[in-house]
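Summary of the model geometry
The primary structure of each chain is shown beneath.
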Amino acid sequence: DTAVSQTPKYLVTQMGNDKSIKCEQNLGHDTMYWYKQDSKKFLKIMFSYNNKELIINETVPNRFSPKSPDKAHLNLHINSLELGDSAVYFCASSSMTGSSTEAFFGQGTRLTVV
Amino acid sequence: DQQVKQNSPSLSVQEGRISILNCDYTNSMFDYFLWYKKYPAEGPTFLISISSIKDKNEDGRFTVFLNKSAKHLSLHIVPSQPGDSAVYFCAARWNRDDKIIFGKGTRLHILP
């Protein structure tokens, strides 16, 4: 059973298209994140949701819109894709209550915009 | 503005020896420090963490040391094994803000 799963694993699309990446966690966590790993391999946070509410929104173009239908899901929708959006996107989850401090990551979605 | 820095992009260590991965940070408000391991085409996997009130945490072959005055932490792996070859990310988080901030990673090669 995968704890944090995201689909698709690979996504190749043309500039200008709109695409979504889905994420689901079965850990019962209350907080979910989207991270972006760019070509320089930096892992940067994009968004964080706690109990379906947006709590962190880093400087990300508003073409990126996260949606959390429930605590177990955080999807990422990207409008008008640009070449610079090509990266690996990681979903993660953690619990803000309890003693553990770590976040659990999905396997990543490699987005290639051509 | 890198708040978590891993200045060595790569490190090669002989199998059986000790691997030491270093990390520096700039923000004294961090409450927790974490190490993640990442294989190609996989997501980062949590390895070990340490609270800012401690200076050492050990879990099997992995030990993390924290020097708050120097704003420095290190991950020791002993003995190093071939399966340890991966990219290691140092990370830190505030307690009040749930964001986890990552360093750029260090690629560890374990040589036979």
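Quick note: structure is the one above.
The paragraphs below set out a description of the structure included in this document. This structure is a prediction, so every number in the text was calculated from the model and none was measured. (Residues numbered from 1 in each chain as written. Chains lettered and ligands numbered in written order. Predicted model: local features only at pLDDT ≥ 70, side-chain atom pairs only at ≥ 80, totals over all residues. Heavy atoms only, no water.)

**Things to note about the environment of Glu42 of chain B**
Convention followed: Secondary structure counts use DSSP, requiring at least four H or I residues in a row for a helix and at least two E residues in a row for a strand, with both numbered from the N terminus. Relative accessibility decides the category of a residue: with a 1.4 Å probe and only protein chains considered, values under 20% of the type maximum give buried, values over 50% give exposed, and everything between is partly exposed.
Mapped onto the elements, Glu42 of chain B comes out in the loop between strand E4 (32-38) and strand E5 (45-51). Judged by its relative accessible area of 39%, Glu42 of chain B is partly exposed.

**So, the state of the cysteines**
Applicable threshold: The disulfide criterion used throughout: a pair of cysteine sulfur atoms within 2.5 Å.
Evaluation of the coordinates by the stated rule reveals two disulfides over all chains. Shown here is the disulfide that connects Cys23 of chain A with Cys91 of chain A, its sulfur atoms set 1.8 Å apart. The disulfide joining Cys23 of chain A to Cys91 of chain A has a torsion of about -75 degrees about its S-S bond and is therefore left-handed. Remark: Cys91 of chain A occurs in strand E9 (residues 87-94) and Cys23 of chain A occurs in strand E3 (residues 19-25); sequence separation between them is 68 residues. Across the pair, exposure class does not vary: Cys23 of chain A and Cys91 of chain A are buried alike. Paired by a disulfide, Cys23 of chain B and Cys90 of chain B hold their sulfur atoms 2.0 Å apart. Its S-S torsion of about -75 degrees marks the bond between Cys23 of chain B and Cys90 of chain B as left-handed, since a negative value means left-handed. Residue Cys23 of chain B is found in strand E3 (residues 19-25), and its partner Cys90 of chain B is found in strand E9 (residues 86-93); the two are separated by 67 residues along the sequence.

**Some thoughts on a nonpolar patch on the surface**
Worth spelling out the cut-off: Like-charged residues within 9 Å of one another, or nonpolar side chains (Val, Leu, Ile, Met, Phe, Trp, Tyr) within 5 Å, are grouped into patches, provided each residue has over 30% relative accessible area and no salt bridge. The accessible surface values rely on the Shrake-Rupley method and a 1.4 Å probe; as for residues, cover is taken only from the protein chains in view. One speaks of a salt bridge when a side-chain nitrogen belonging to Lys or Arg is within 4 Å of a carboxyl oxygen belonging to Asp or Glu.
On the surface, Ile18, Ile20 and Val78 of chain B cluster together into a nonpolar patch covering about 220 Å² of accessible area. Considering the arrangement of structural elements, one finds Ile18 of chain B in the loop between strand E2 (10-14) and E3.

**Details of the interface of chain A and chain B**
Inclusion rule: By definition in these notes, contact holds between two residues if any of their heavy atoms fall within 4.5 Å. In this description, buried area is defined as the sum, over both parts, of the accessible area (probe of 1.4 Å) that is lost when the two are combined. Side-chain classes follow a simple rule in which Ala, Val, Leu, Ile, Met, Phe, Trp, Tyr, Cys and Pro form the nonpolar group, Asp, Glu, Lys and Arg form the charged group, and the remainder, Gly included, forms the polar group.
With 23 residues of chain A in contact, the opposing surface of chain B contributes 19 residues. In total, about 1700 Å² of surface goes out of reach between chain A and chain B, with carbon and sulfur atoms giving 61% of it. The largest contributions to the chain A side of the interface with chain B come from Phe42, Leu43 and Thr101 of chain A, which together make up 33% of the buried area. For the pair chain A and chain B, the number of links is one salt bridge. Elements with a contribution of two residues or more to the side of chain A that touches chain B: strand E4 (31-37), strand E5 (43-50), strand E6 (53-57) and E9 of chain A. Among the elements that make up the side of chain A that touches chain B, the one with the highest residue count is E4 of chain A (four residues). Among the residues making up the side of chain A that touches chain B, the classes are represented as 11 nonpolar, seven polar and five charged.

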